[in-house]
Amino acid sequence: MSIRIKLLLSYTGMLIVSLLVVALTAGLFAITATGDIRSFRDFYKVHYQLNPLTEQEESIFLELKYLAKNEPDRLEDGKLLEEYDFKLKTVRAGLYVRRESNQVFESRTFNQPELEHYLPAYDLDNNQIRNTFNIGERFYAYAKFDFRFSDGAKGGVFVIRERSPFGEVVRKLLPVLVILLVAVIVAANLLLYRWITRSVVKPLELLRGSAERIKEGQLRHSLDLRSKDEIGQLNETFENMRKRLLESVELRLRDEESRKELISNISHDLRTPITNIKGYIEGIRDGVADTPEKMDKYVNIIYSKANDLDKLVDELFLYSKLDLNQVPFQFEHADIVGFLDDCIDEQRYVAKEKGIELEWDERPKSAVPVVADFEKLKRVVLNMIGNAQKFTDKPYKTIRVSVRGDSNQVTVEIRDNGIGISPEDIPHIFDRFYRAERSRNSSTGGSGLGLAIARQIVEGHGGSIWASSEQGVGTSFYFTLKRPTNKEGAAVDDDTHSDH
Ligand SMILES: Nc1ncnc2c1ncn2[C@@H]1O[C@H](COP(=O)(O)OP(=O)(O)OP(=O)(O)O)[C@@H](O)[C@H]1O
Ligand SMILES: [Mg+2]
């Protein structure tokens, strides 16, 4: 059963119950006010038959009417009239008898001196025997019978009862009031039903529609339900779920895209040296290398290309293992200054041969301990020094190394005065296979994996890596390493933070 039908049924149930309760309450009130259930029924009789009198009064009236028809003169008998008046008094009514324009009897019940002026004129046909009249604020209902006395004089007998005008109005309007009451209850219920449907059922339908769309894979459609109730909370959770789902789908698509790109890059980078090797081997086979010198040259080229291939495969292998977190890091506490000394010493000679000066900018006077896997860190430093050697165009070439530190970490900078990197390329140089100025790079022969591997290694240390550069002036590469901490978690001291 849908919520809509359940709501409709519950409201209809409430409507019926409230109507019953209203009817019951009205009945109980009427009984309390009038004393018995019959009087309650009389209300309706009185109203519907336009009968102003109760059953008892009516029977007294009928007796008087009978007398008027058959023995009219007895209606001048004061004693008899007193008796009738007494009977009427017990049911809160009074008697009035007139002869021509004279009053024969007036009940003391009324205490109304002007009564006779308000009574209707003689109507011997007795067309209308029941009616009402007002004297000032007071309201009376009566039943009357006009007749002739035996001497031919006109006479009239009235049984009169005073009523509350308010009660009379209510009595007259009772059906209208009841209909109005029912209409109000029905309208209130309908409004409530509409309100609940709007605030509960509609949003639920919207949520269902959204869930259907998600099932069909449309994840970009967001729901704009701002209510603060449980439905609003449900929608918020639902929206979060949709966003997470969208994110994970997008991530998967991005991963897929980057895997495709990786495969195409790898095949491209492998194809170039293989094509070269094939070309030179074909040259040898076809007898192009017909002198021992040519043969020597061809073999050397093939050897160097095979070496490039070997290096590329090696880098790719390392990159993919780092990417999958499959390379364990062997961290140790050691002095970064000593480590950089070794790197500089190792590379200084090669650099010098290329006319490049590789030196400390300002060597720290004492040891600067860091936490690092120095074997892997060497790849980072050597790639940076290698890049500085490759991408340079100045007659006087320098590479400067420096170390700075604060209480938590140590920053290593490797600065060159090379060609620089354009601001558009800077954000991408740490991406795999990214090479700025591709045309130049064909001569330098890099694969574009060096900095991508460096980033993975530095991030594996919990540090960060970045570059700043000015085109034509030079480039600085930076990476950070953590300082070793003592048992209390405080950094082990040295002189780097006082130096700089
Ligand atoms: N010191 C530098 N000066 C100018 N450009 C640089 C410098 N270092 C890196 N680059 C640019 O960043 C690119 C990426 O460097 P990365 O070390 O990742 O690749 P590579 O040196 O081309 O190849 P590989 O290191 O794999 O042999 C380089 O191709 C170069 O365009
Ligand atoms: Mg490189």
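Residues numbered from 1 in each chain as written. Chains lettered and ligands numbered in written order. Predicted model: local features only at pLDDT ≥ 70, side-chain atom pairs only at ≥ 80, totals over all residues. Heavy atoms only, no water.

In the nomenclature of an unreviewed UniProt entry, the chain corresponds to histidine kinase from the organism Cohnella phaseoli. The Catalytic activity (unreviewed entry) comment attached to the chain in UniProt states, word for word, "ATP + protein L-histidine = ADP + protein N-phospho-L-histidine." The chain has a UniProt comment under Subcellular location (unreviewed entry) that states "Cell membrane". (UniProt positions renumbered as here; feature names shortened; annotations may be inferred.)

Visitor: What exactly am I supposed to notice about the overall build of the chain here?
Guide: Check the secondary structure of the chain and you find 13 helices and 12 strands. Over its C-alpha atoms the chain spans a radius of gyration of 56 Å, topping by over 25% the 23 Å that the globule rule assigns to 500 residues. Projected onto its principal axes, the C-alpha coordinates of the chain cover approximately 175 × 65 × 40 Å. Of all 500 residues assigned to the chain, the portion counted as buried reaches 38%. For the chain, the share of sequence-separated contacts (at least 6 apart) that also reach a separation of at least 24 residues comes to 62%. Just so you have it, the chain exposes about 30100 Å², and 56% of that area is on carbon and sulfur atoms. With 70 positive and 77 negative side-chain charges, the chain shows a spacing of 5 Å between the two charge centroids. (Helix = DSSP H or I, 4+ residues; strand = E, 2+ residues; numbered from the N terminus. Rg over C-alpha atoms; globule rule 2.2 N^0.38 Å. Buried < 20%, exposed > 50% of the residue type's maximum accessible area, 1.4 Å probe, protein only. Contact = heavy atoms within 4.5 Å. Areas by Shrake-Rupley, 256 points an atom, 1.4 Å probe, with all protein chains shown as cover. Lys, Arg positive; Asp, Glu negative; His and termini not counted. Charge placed at Lys NZ, Arg CZ, Asp CG, Glu CD.)

Visitor: It is not clear to me how the packing of helix H7 (residues 230–285) against helix H8 (residues 292–323) should be interpreted in this structure. Could you clarify?
Guide: The relative placement of two packed helices is expressed as an angle between their axes plus a distance between the axes. Their axes nearest at 9 Å, the elements H7 and H8 cross at an angle of 160°. Judged by the angle between their axes, H7 and H8 are roughly antiparallel. For H7 against H8, the interelement crossing comes out left-handed. Counted together, Ile-266, Asp-269, Leu-270, Pro-273, Ile-274, Asn-276, Ile-277, Tyr-280, Ile-281, Gly-283 and Ile-284 of H7 and Met-295, Tyr-298, Val-299, Ile-301, Ile-302, Lys-305, Ala-306, Leu-309, Leu-312, Val-313 and Leu-316 of H8 form the full contact between these two elements. (Axes fitted to C-alpha atoms, helices over the stretch in contact; angles between N-to-C directions. Parallel < 35°, antiparallel > 145°, perpendicular 65-115°, else oblique. Left-handed = near helix turned anticlockwise from the far one by under 90°.)

Visitor: Which parts of the structure should I look at to understand the pairing of strand E12 (residues 474–482)?
Guide: Moving residue by residue along a regular strand, the side chains alternate between the two faces of the sheet. Of all 9 residues in E12, 8 are buried; the element is thus mostly enclosed. Bridge count between strand E10 (residues 409–416) and E12: 8 bridges; the pairing is antiparallel. Bridging from a neighbouring strand, Thr-411 pairs with Thr-480 of E12. Both strand E11 (residues 465–470) and E12 contribute to a ladder of 6 bridges, which runs antiparallel. Bridging across to E12, Ala-467 finds its partner in Phe-477. Connecting E11 to the next strand, E12, in antiparallel fashion are 3 residues, including Gly-472 with a positive phi near 85°. (Pairing = 2+ DSSP bridges.)

Visitor: Sorry, what's going on with the coordination of the magnesium ion (ligand 2) here?
Guide: Geometry reference: four tetrahedral donors at a metal, ideal angle 109.5 degrees. Six octahedral donors, ideal angles 90 or 180 degrees. With distances of 2.1 to 2.3 Å, the protein atoms coordinating the magnesium ion (ligand 2) are Asn-383 (OD1) and Asn-387 (OD1). One end of the pair is Asn-383 and the other is Asn-387, both in helix H10 (residues 374–390) and 4 residues apart, which spans about a single turn. The exposure class of Asn-387 is buried, given its relative accessible area of 11%. (Donors = N, O, S within 2.8 Å, 3.2 Å for Na, K, Ca; no water.)

Visitor: What am I meant to see in the pattern of salt bridges here?
Guide: When charged atoms on two side chains of opposite charge get close, those side chains can pair. For the structure shown, the criterion picks out 24 salt bridges. Close ionic contact of Lys-394 with Asp-393 constitutes a salt bridge, the shortest N to O distance being 3.3 Å. We classify Asp-393 as partly exposed; its relative accessible area is 46%. Residue Glu-413 is joined to Arg-404 by a salt bridge in which the shortest nitrogen-to-oxygen separation is 3.4 Å. Of the residues examined, Glu-413 reaches a relative accessible area of 9% and is grouped as buried. What makes Arg-404 partly exposed here is its relative accessible area of 36%. The structure contains a network of salt bridges with shared partners spanning Asp-361, Arg-404, Glu-413 and Arg-415. (Salt bridge = Lys/Arg side-chain N within 4 Å of Asp/Glu carboxyl O.)

Visitor: Before we go on, may I ask you to explain the packing of aromatic side chains in this structure?
Guide: In this description, a pair of aromatic rings is defined by centroid distance and the angle of the planes. Scanning all chains against the criterion turns up 9 aromatic pairs. Relative to Tyr-193, the ring of Tyr-11 lies with its centre 6.3 Å away and its plane at 85°, an arrangement referred to as edge-to-face. Within this pair, whereas Tyr-11 is found in helix H1 (residues 3–34), its partner Tyr-193 is found in helix H6 (residues 165–215), the two being separated by 182 residues in sequence. Across the pair, Tyr-193 and Tyr-11 agree in class, each one buried. Seen from their ring centres, Trp-466 and Tyr-478 are 5.1 Å apart, and the 15° between their planes marks the pair as stacked. Pair noted here: Trp-466 is in strand E11 and Tyr-478 is in strand E12, with a separation of 12 residues, a long-range link. Among the aromatic residues, ring-to-ring pairing joins Tyr-96, Tyr-142 and Phe-158 into one connected group. The residue whose ring lies beneath Arg-98 is Tyr-122, and the NZ or CZ to ring-centre distance is 4.2 Å. (Phe/Tyr/Trp six-rings, centres within 6.5 Å; stacked < 30°, edge-to-face > 60°. Lys NZ or Arg CZ within 6 Å of the ring centre and 35° of its normal.)

Visitor: Can you help me understand the site of ligand 1 in this one?
Guide: Asn-387, Lys-390, Asp-416, Ser-447 and Leu-451 are the nearest of the 24 residues found near ligand 1. Gly-450 has a polar backbone atom sitting 3.0 Å from an oxygen atom of ligand 1. Coverage of ligand 1 by the protein chains reaches 98% of its 590 Å² of free accessible surface. It is H10 that provides the largest number of residues to the shell around ligand 1, a total of 4 residues. (Near = heavy atom within 4 Å. Polar contact = N/O pair within 3.5 Å; in protein donor to acceptor, adjacent residues only side chain to side chain.)

Visitor: Honestly, H8 in this entry has me stumped. Any pointers?
Guide: Counting along an α-helix, one turn takes 3.6 residues, and residues three or four places apart therefore face a common direction. Spanning 32 residues, H8 covers 46 Å between terminal C-alpha atoms, matching the ideal 46 Å at 1.5 Å per step. Of all the residues in H8, the buried ones are Tyr-298, Ile-301, Ile-302, Leu-309, Leu-312, Glu-315, Leu-316, Leu-318, Tyr-319 and Leu-322. On its buried face, H8 sits against H7, H10 and helix H12 (450–460). (Expected span 1.5 Å × (residues − 1).)

Visitor: I tried to follow the sheet that holds strand E4 (residues 138–148) on my own but got confused; where do I start?
Guide: Sheet strands pair by backbone hydrogen bonding; their relative direction is either parallel or antiparallel. If you walk across this open sheet you meet the 5 strands as E2-E1-E5-E4-E3, and the pairing is antiparallel. Only two strands of the sheet have a single partner each, and these edge strands are strand E2 (102–106) and strand E3 (130–135). Each strand of the sheet is rotated relative to its neighbour by a mean of 30°, with strand direction disregarded. In this sheet, E2 lies alongside strand E1 (residues 94–99) in antiparallel orientation, the contact comprising 4 bridges. Counted as the bridge partner of Arg-98 is Gln-103 from E2. Here helix H3 (residues 55–70) sits on the sheet and contacts E1, E3, E4 and strand E5 (154–163); the angle it forms with E4, its principal contact strand, is near 25°.

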